[in-house]
Every structure is written in C-alpha cells, then in structure tokens.
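# Architecture at a glance
So you can see what is in the structure, the chains are spelled out below.
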Amino acid sequence: MAHIYGLSPEQQKFADKAAALAKEVLAKHAADVDANGRYPKESIEALAAAGLLGLCVPAEFGGAAQPPRTFAAVAEELAQECASTAMIYVMHVTAAQQIAAGNPADKAAILKAAAAGKHLTTLAFSEKGSRSNFWAPSSSLVADGADYKTDATKSWVTTAHNADSYVSSARMPGAESPLASTLYLVRKGDAGVNIGGFKGVGLRGNDSAPVELKGYKVPKGDLITENGKGADGMLQVVLPWFVVGTSAMSHGLCLKAIALTSGHLQGAGIDFTGQKLRDLPNLRARLADMAVATDRSRALLGYTVSEMEKPDAMTPLRVLQSRRCAIDTATHVTDLAMKACGGAAFSHHLPIERLFRDARAGWVMAPTVDHLDDFMGKALTGLPLF
Ligand SMILES: Cc1cc2nc3c(=O)[nH]c(=O)nc-3n(C[C@H](O)[C@H](O)[C@H](O)COP(=O)(O)OP(=O)(O)OC[C@H]3O[C@@H](n4cnc5c(N)ncnc54)[C@H](O)[C@@H]3O)c2cc1C
C-alpha cells in the first residue's frame, strides 16, 4: 500500500526501521518516561545506534540526506510509541538542518558526529521576554574583541540537559529591530550555561527546561548565520522542518489513539446485552470521525512535503496550514478517544490519557495556533508577515 506521505521503496525502509525500533525500545520505556518525567535515554541511544540521528544530514557529512517526507514518516512512527522521544528527535533533526544551512566553523565536525549518532542538538529560541514570538529575541550579542558574548533567559529548551549543542538566537550587535537577529551555537559544558528544570503536563520526558546564559562567550566561529540573517534561518529553514516534524508527531499520536480505541471497542463488552462496545453505533461513529480527521491531516502533510520538494508561492501557506490542521486534529482525535474509551482511558488502564496530554503541547509550542492563524490571515490578504 502506498504511504500517505508518498514514500519511495527506499524511503519506506527508514519508516519501517523506525517503526520496529519504536515497538522494540520506545514502547518499553514510554510509560516510565512519562510517569517520572525522565529523559528517554534508552530510546535516544537506540535511535543513535540505528543511524536515525543522521537521517536528514547531507550525504557529504555521512548522513542519509533524506527529504522532509521521510522525516515525517519516521517522526510519526516514533510518536506512536513515545512522543517525548519523538519531540527530542524532531528538535534534533530541525536544528541539524539549520547547522547544515549555516556556516559555523565546526559545521562538518558537528554534522559528521550527528550522522554517527554522537551529537544531539536542539533549538533554544524561546525567551522570557519574547515568549512564543520566537522570531523576535530579546537577548543581544555584544561584541567582545573579535568574538561576542551574551546574556539570555531562554524559557524552554527541549533536551536541555542532554543535548551536545543548542542552536540559539539573539539580536545582532547594535540591532535596530528584533528581527535583525543571529543564530549561534551554545555548547554543552561551556561556562555561563545554567540549566533549570520543570515538568510539563504532556511530553514529560522531553527534557524541556529553562536555560540561563550569563556572560556566555560566543566565538566568531560559532555563529551559524551571518549577523542579521537569523530570522531568515528561523523562517526559511527551521520553521518548515519543525512544522513537518511536529505535524507528523501529532499524527503519530492520532494513529495510536485510533489503534487503542479500536482494540478497546473490540475487547470490552457489556454482560447484560452480550454486546461488545463496537456494537454501539455512537462509539463506532467516534472512531470513524477519528480516522477521517487523521487521514485528512496526514494527506495535507503529504501534499505539503511534495510541495516542499518543488516550492512555489503557495508552499509557505501550505506549511502553516499543515501545522494548524495537525494540532487541531491531534487534540480532537485524542479527546474523542478519551470519550470513546470512557473510564478505561480516564483511569490510566489504557495509555490514552498520555496521548491526550502529549497532544496538547502542540497548542503551546510556537508557532502557536494564534500565530499560525495570524500568519495565514496575513498571507491570504496580501499583508507582510511582520
Ligand atoms: C513541550 C515543549 C517543548 C518546547 N521546546 C522548545 C525548544 O526546544 N526550544 C524553544 O525555543 N522553545 C521550546 N518550547 C517553547 C514554545 O515554543 C513556546 O515559546 C512557549 O511554549 C511559549 O510559552 P509562553 O508561556 O511564553 O507563551 P505566550 O507567548 O505567553 O503565549 C500565551 C498565549 O498568548 C498567545 N500569543 C502570544 N503571542 C501572540 C501574538 N503575537 N499574537 C497572538 N497571540 C499571541 C499564544 O498563542 C498563547 O495562546 C517548547 C514548548 C513546549 C510546550
């Protein structure tokens, strides 16, 4: 059967590998990762060993150079078993794309290490002062001889304690607008990096934490973009890859919710009528609604990843629509699963309540639904984005 994201036989092999690994490793640890809000070490190590950290890294650095459609299929498979692991993976792939598109001095070394499963990276855009308006950082780079330094309060960084690097953002020195930004590397273990902690409602194992940069030194060679070109990187590289990965994650949650609901409706019954729950038409209708909504959103993402390979003027709009649709779909579908499975879902008997909580992260993560609607409305009425 053709994959809804239009995979070639070669690309399908990556999805199959991710599916097998998700069932063998991620599924084993997901409940514990969620309950204890712990980093999914075993799962990330398994992804690294399988070569999946290099899935989209360019071939010249030893990666598999896979396009967005393969990334989507892999992220979807991972999210079905452990969305916290999938989130860490999506941030890694997205940040690695920005490193590949930029020009830090260690670009080749970092990407070769990522392809070999020895370097995990992430994004550090959100700040206390800019909140979810990630394209307009509050922090600034300040010239320090030939190099730079910065102070920043990054409010959320996925993989904060475990990433080897962060792709971070700041205003360029002397910026006249917050959009005049620069992307730079933050390295694990460097002086001036203080990592805090908190536990979210969902995606509890994704190692998200606030990070304080105090007098952090940024060597000139650690600039990823030229000064002032940060917003281009954020919007033209990071945003589309992030959208593909997070939309696919949402779909993975939906597919798992459908499978669990279907299993419950077939397995559980009512003694006095001798019926299974699947004999109740209202519950079957809920499941049908879940399936239609999920495949509608997956089809849009499949269309969008095709457009991304041959972009035109409509492609940025499709990218925004895909994320909007996927976030809505995941909250709707996991809500229906909670309703269809009743007490079995509410009581943790089934892991549906975890999917329900994990799906809600999409609404909080930037670009949020409000930003997406505003951007789409502007694009549809001919207004500039900013
Ligand atoms: C699980 C998880 C992982 C994350 N990982 C990372 C990461 O790795 N790196 C990173 O940089 N960030 C990360 N984030 C942060 C995320 O992208 C957001 O920046 C953050 O969640 C925003 O929270 P806030 O309270 O500052 O939101 P606020 O900006 O205060 O938003 C509150 C409400 O106001 C609305 N709002 C805000 N601004 C506008 C506007 N301009 N127009 C209309 N409405 C607006 C929002 O839509 C929202 O409904 C993560 C978040 C989550 C939940």
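Just so you know, the residues in each chain are numbered from 1, in the order the chain's sequence is written. Reporting in this predicted model follows two pLDDT cut-offs: at least 70 for local features of residues, and 80 or more for side-chain atom pairs to be given and counted; totals over whole chains, interfaces and linings ignore these cut-offs and use all residues. Hydrogen atoms and water are omitted, and side-chain values are computed over all heavy atoms in the structure.

## A few points about helix α4 (residues 83-101)
Strands here are runs of E lasting at least two residues and helices are runs of H or I lasting at least four, both read from the DSSP assignment and numbered beginning at the N terminus. Multiply 1.5 Å by the residue count of a helix minus one, and that product is the helix's expected span. The end-to-end C-alpha distance of α4, which contains 19 residues, comes to 27 Å, matching closely the 27 Å that a straight helix rising 1.5 Å per residue would cover. Each residue's exposure class comes from its accessible area (1.4 Å probe, protein chains only) as a fraction of the maximum for that residue type: buried when under 20%, exposed when over 50%, partly exposed otherwise. Here α4 lies mainly inside the structure; 18 of its 19 residues are buried.

## Thoughts on the domain arrangement of the chain
Those domain boundaries reflect an automatic or database domain assignment. Here the domain parsing of the chain yields domain 1 (9-120), domain 2 (122-228) and domain 3 (231-380). Relative to domain 3, the C-alpha centre of domain 1 lies at a distance of 21 Å. Between two residues, a contact is recorded if the distance between any of their heavy atoms is within 4.5 Å. Counting residues at the interface gives 25 residues for domain 1 and 26 residues for domain 3. A side-chain nitrogen of Lys or Arg and a carboxyl oxygen of Asp or Glu constitute a salt bridge if their distance falls within 4 Å. Connecting domain 1 to domain 3 are four salt bridges. Arg298 is the partner of Glu76 in a salt bridge, and the nearest nitrogen-oxygen pair spans 2.8 Å.

## A few points about the environment of Ala209
On the secondary structure map, Ala209 appears in strand β7 (residues 209-218). Sequence spacing of Ala209 and His161 is 48 residues, and the spatial spacing of their C-alpha atoms is 7.9 Å. Those residues within four positions of Ala209 in sequence are excluded, and the remaining contacts are Ser155, Trp156, Val157, Ala160, His161, Ile195, Gly196, Gly197 and Phe198.

## Topic: the site of the ligand
If a single non-hydrogen atom of a residue is within 4 Å of a molecule or strand, that residue counts as near it. Every one of the 21 residues lining the ligand counts as a neighbour, but Ser126, Arg131, Ser132, Thr368 and Asp370 are closest to it. As used in this structure description, the phrase polar contact means that two N or O atoms lie within 3.5 Å; if the pair is within protein, one of them must be able to donate a hydrogen and the other to accept it, and residues adjacent in sequence are counted only when both atoms belong to side chains. Within the side chain of Arg131, a nitrogen or oxygen atom sits 2.6 Å from an oxygen atom of the ligand. Thr368 places a polar side-chain atom, nitrogen or oxygen, 2.7 Å from an oxygen atom of the ligand. Reported accessibility uses the Shrake-Rupley method at a 1.4 Å probe radius. Residues are deemed covered only where the shown protein chains occlude them. In isolation the ligand has 980 Å² of accessible area, and contact with the protein removes 72% of it. Listed by contribution, the elements that provide at least two residues to the shell around the ligand are β1 (121-124), β3 (147-157) and α11 (369-380). Among the elements that line the shell around the ligand, the one with the most residues is β1, at three residues. Taken together, the residues of the shell around the ligand break down into 10 nonpolar, nine polar and two charged. Residues are grouped as follows: nonpolar covers Ala, Val, Leu, Ile, Met, Phe, Trp, Tyr, Cys and Pro; charged covers Asp, Glu, Lys and Arg; every other residue, Gly included, is treated as polar.

## With respect to helix α5 (residues 107-115)
For α5, the set of buried residues is Lys107, Ile110, Leu111, Ala114 and Ala115. Down the axis of α5, the buried set is contained in an arc of 135°. They therefore lie on one face. Elements that come into contact with the buried residues of α5 comprise α4 and β5 (181-187). Two residues or fewer past α5, Gly117 is found with a positive phi of approximately 75°. Here the arc refers to the directions that run from the helix axis out to each C-beta atom.

## Comments concerning the packing of aromatic side chains
Aromatic contacts are taken between Phe, Tyr and Trp rings whose centres are within 6.5 Å, Trp giving its six-membered ring; a plane angle under 30 degrees counts as stacked, one over 60 as edge-to-face, and the others as tilted. On inspection of all chains with the given rule, the structure shows eight aromatic pairs. On the basis of an interplanar angle of 80° and a centroid distance of 5.1 Å, the ring pair of Phe134 and Trp135 is categorised as edge-to-face. You can call Phe134 buried: its relative accessible area is 6%. Given a relative accessible area of 9%, Trp135 falls into the buried group. An aromatic cluster of three or more residues is present, and its members are Phe125, Phe134, Trp135, Phe375 and Phe386. Any Lys NZ or Arg CZ found within 6 Å of a ring centre and within 35 degrees of that ring's normal is scored as a charge over the ring. The side chain of Arg298 reaches across the aromatic face of Tyr5, ending 5.6 Å from its centre. The ring of Phe356 has Arg360 lying over it, and the distance from NZ or CZ to the ring centre is 3.8 Å.

## Considering the pattern of salt bridges
One pass over the structure, following the stated rule, counts 20 salt bridges. Linking Arg69 and Glu309 is a salt bridge whose minimum nitrogen-to-oxygen distance equals 2.9 Å. With a gap of 240 residues between them, Arg69 in helix α3 (residues 68-81) and Glu309 in helix α7 (residues 281-309) connect regions that are remote in the sequence. On the accessibility criterion, Arg69 (8% relative accessible area) is buried. Assessed through its relative accessible area of 40%, Glu309 is described here as partly exposed. When the shortest N-O distance is used, the salt bridge between Glu81 and Lys256 registers 3.3 Å. Residue Glu81 is found in helix α3, and its partner Lys256 is found in helix α6 (residues 230-267); the two are separated by 175 residues along the sequence. Of the two residues examined, Glu81 and Lys256, each falls in the buried class.

## Observations concerning the packing of α6 against α7
Under this scheme, a helix contributes an axis fitted over its contacting stretch, all axes are lines through C-alpha atoms, and angles between N-to-C directions fall in the 0 to 180 degree range. It is at 10 Å that the axes of α6 and α7 come closest, and there the two elements cross at 155°. Here α6 lies roughly antiparallel to α7, going by the angle between them. In this structure, α6 crosses over α7, and the sense of that crossing is left-handed. Only Leu283, Arg284, Leu287, Met290, Ala291, Thr294, Ser297, Arg298, Leu301, Val305 and Met308 of α7 make contact with α6, whose side of the interface consists of Pro240, Val244, Ser247, Ala248, His251, Cys254, Leu255, Ala257, Ile258, Thr261, Ser262 and Leu265. Among the residues forming the contact of α6 with α7, the class breakdown is 15 nonpolar, six polar and two charged. Angle categories are assigned with fixed cut-offs, so that under 35 degrees is roughly parallel, over 145 is roughly antiparallel, 65 to 115 is roughly perpendicular, and the rest are oblique. Handedness of a helix crossing follows the sense of rotation of the near helix relative to the far helix, less than a right angle counterclockwise being left-handed and clockwise being right-handed.

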